[in-house]
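Coordinate inspection notes
Residue-level listing of the chains:
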Amino acid sequence: MRNLILSAVLAGASLFGVAAHAAEIEAGKQYVELSNPVPISKPGKIEVVELFWYGCPHCYQFEPTLNPWVEKLPSDVNFVRIPALFGGVWNAHGQMFITLESMKVEHKVHDAVFRAIHQEGRKLATPEEMADFLVTQDIDRDAFLKAFNSFGVKSQMEKAKKLAMAYQINGVPVMIVNGKYRFDISSSGGPEQTLQVADHLIAKEREAK
């Protein structure tokens, strides 16, 4: 009986801690409210954006926490990844991501690209390097290279640059909820706390509908 009571007390304390944390989440602390909201890609849904770079170690370390959360998002939430394009290899990796998205295969190789850069030491800095690697992931080399230089991909690159400017980002990983709220691992207090902030803001937007 004593163990049951102790378990109940600990469970209650845990729930109180979660509630207390949620109550402490506010603009200017864990997140910034953008002065000019950015239009979302799917009106009617709550949009959650992650801006990232394949070469960013913090983005790579965030993946094991982020991905299970994304898989469990409810149907009224639309999750979007956008590559940050700060020039040089950032742009090359961003163009690779957008190319793979346009081919509808990005979800199949996303983890493999991260591993190739951070575990295997591949730079994947040129289209040819990318294509050589992607062939090992059953991606057609010629189709990738053709798409990489396509007008559609270049148009999406310009769109990604404009969004990053509108979100006023200066590093990654960064998350944006519904084009209104910006936050990151540092401002939130850690990877898990970042997703708690995201959950809080999703609930806030859901209530506002």
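So, here's what we can say about the structure. (Residues numbered from 1 in each chain as written. Predicted model: local features only at pLDDT ≥ 70, side-chain atom pairs only at ≥ 80, totals over all residues. Heavy atoms only, no water.)

1. Details of the overall build of the chain
Check the secondary structure of the chain and you find nine helices and five strands. Each helix and strand of the chain, ordered N terminal to C terminal, gives the series α-β-β-α-β-α-α-α-α-α-β-β-α-α. For the chain, the residues scored as buried account for 42% of the 209 residues in total. For the chain, long-range pairs separated by at least 24 residues make up 71% of all intrachain contacts whose partners lie at least 6 apart in sequence. Of the roughly 11400 Å² of accessible surface on the chain, 55% is carried by carbon and sulfur atoms. (Helix = DSSP H or I, 4+ residues; strand = E, 2+ residues; numbered from the N terminus. Buried < 20%, exposed > 50% of the residue type's maximum accessible area, 1.4 Å probe, protein only. Contact = heavy atoms within 4.5 Å. Areas by Shrake-Rupley, 256 points an atom, 1.4 Å probe, with all protein chains shown as cover.)

2. A short note on helix α3 (residues 89-102)
Counted at 1.5 Å a residue, the expected span for α3 with its 14 residues is 20 Å, and the 20 Å between its end C-alpha atoms agrees. Most of α3 sits out of view: ten of its 14 residues are buried. Residues of α3 that are buried: N91, A92, H93, G94, Q95, M96, F97, I98, T99 and L100. Two residues or fewer past α3, K104 is found with a positive phi of approximately 60 degrees. (Expected span 1.5 Å × (residues − 1).)

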